[in-house]
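# Examining the three-dimensional arrangement
Here are the chains, one letter per residue:
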Amino acid sequence: MPNHLIVEGPQLGVLSIKLHRPEALNALNTALLAELADTLIAAQDDAEVRTVVITGSRRAFAAGADIKEMAERDLVGMLEDPRQRHWSTITRFSKPIIAAVNGFCLGGGCELAMHADILIAGEDARFGQPEINLGIMPGAGGTQRLVRAVGKALATQMVLTGEPISARRALEAGLVSEITQPELTVERAIAVAETIAAKAPLAVRLAREALHKAEDTDLATGLRFERHAFTLLAGTKDREEGIHAFQEKRPATFNGH
Ligand code: HXC
């Protein structure tokens, strides 16, 4: 049983994971990251899980890596840091993740949120990479994913000043796709996750992979990948079902084949 997470579901295909270390504003210590990685490994193999929602508390999604724990690791300790393995597990997870973000979303917390496919934020959420204030820098993708999400100008300002941005600014910059009243953030994220969970799983998986390609390849390679993936889906039962359901004017029922 996880100690630092509250896991619910899957319900209607959605697994809900709530970060729960209230005494430290959900700072990501090794134990929490290990529990998150283990939960995702189990979710990866569970066909009932189609999408995952990750959320924190009303006050904080996560205030970063655990600074107390980080202080105990020197250079060699950092090189052998087991947290790196857990981050890799999170990166490799192949089902859509929706982050529902309220309050502080800082440092490693912001980096975790950026591992999500879709970010939905409460209007008082604050996104930032304050590592520079500690004499360090982002280490779980903060420089790379933030540039891709908000562009070089704003990412540079955030990483070099350490100053956070508001949810509204994050929406304008493209880091989040929607903002909601804070009381409704999780509900809205679950609704989006349920919508995706009802689609054909193989189509979701390949569309997601193609979207990821847009971030790390040139246009021609990305377009080739898209075409291959599109063609591959022609061999699925779910495509047949989707097209028949449209023609028969009824809702489609997809089963992942
Ligand atoms: C450990 C933390 C923490 C953190 C907060 N706490 N953030 N503990 N690691 N990252 C603890 C505080 O010590 C305190 O516990 C309790 O949570 C409440 O925090 P307060 O500071 O009292 O709350 P508040 O005054 O409201 O200020 C909130 C805050 C501030 C602005 C978010 O806590 C803050 O600046 N936190 C650090 C943010 C940060 O620098 N993050 C980046 C970390 S480096 P006690 O017991 O003391 O009362 C990082 C690198 C990633 O993320 C690298 C990945 C590989």
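Scroll up a little and you will see the structure.
Since the structure is predicted, the reported quantities are computational estimates derived from the model, not experimental observations. (Residues numbered from 1 in each chain as written. Predicted model: local features only at pLDDT ≥ 70, side-chain atom pairs only at ≥ 80, totals over all residues. Heavy atoms only, no water.)

## Description of the site of the ligand
In the neighbourhood of the ligand, 21 residues make up the surrounding shell, with Arg59, Ala63, Ala65, Ile67 and Gly108 lying closest. Residue Arg59 places a side-chain N or O atom 2.8 Å away from an oxygen atom belonging to the ligand. Backbone polar atom of Ala65 to an oxygen atom of the ligand: 2.8 Å apart, as the coordinates give it. For the ligand, whose unbound accessible area comes to 1,000 Å², protein coverage reaches 62%. Elements with a contribution of two residues or more to the shell around the ligand: helix H2 (67–71), strand S6 (104–106) and helix H5 (108–113). Looking at the shell around the ligand, its residues break down into 12 nonpolar, 4 polar and 5 charged. (Near = heavy atom within 4 Å. Polar contact = N/O pair within 3.5 Å; in protein donor to acceptor, adjacent residues only side chain to side chain. Areas by Shrake-Rupley, 256 points an atom, 1.4 Å probe, with all protein chains shown as cover. Helix = DSSP H or I, 4+ residues; strand = E, 2+ residues; numbered from the N terminus. Nonpolar A, V, L, I, M, F, W, Y, C, P; charged D, E, K, R; others polar.)

## What to know about the sheet that holds strand S4 (residues 60–62)
Reading across from one edge, S4-S6-S8-S9 is the order of the 4 strands in this open sheet, with mixed pairing throughout. Each of the sheet's edge strands pairs with one partner strand only, and the pair in question is S4 and strand S9 (165–166). Both S6 and strand S8 (residues 126–128) contribute to a ladder of 3 bridges, which runs parallel. The residue bridging Leu106 from the neighbouring strand is Gly128, located in S8. (Pairing = 2+ DSSP bridges.)

## Thoughts on the pairing of strand S5 (residues 97–101)
Counting buried residues along S5, 5 of its 5 residues qualify, which places the element largely inside the surrounding structure. Because side chains alternate across S5, one face comprises the buried residues Ile97, Ala99 and Val101, and the other comprises Ile98 and Ala100, equally buried. Pairing of strand S3 (residues 51–55) with S5 involves 4 bridges; the strand directions are parallel. Counted as the bridge partner of Val53 is Ile98 from S5. (Buried < 20%, exposed > 50% of the residue type's maximum accessible area, 1.4 Å probe, protein only.)

Honestly, that's just the spatial picture; any functional story needs more than this.
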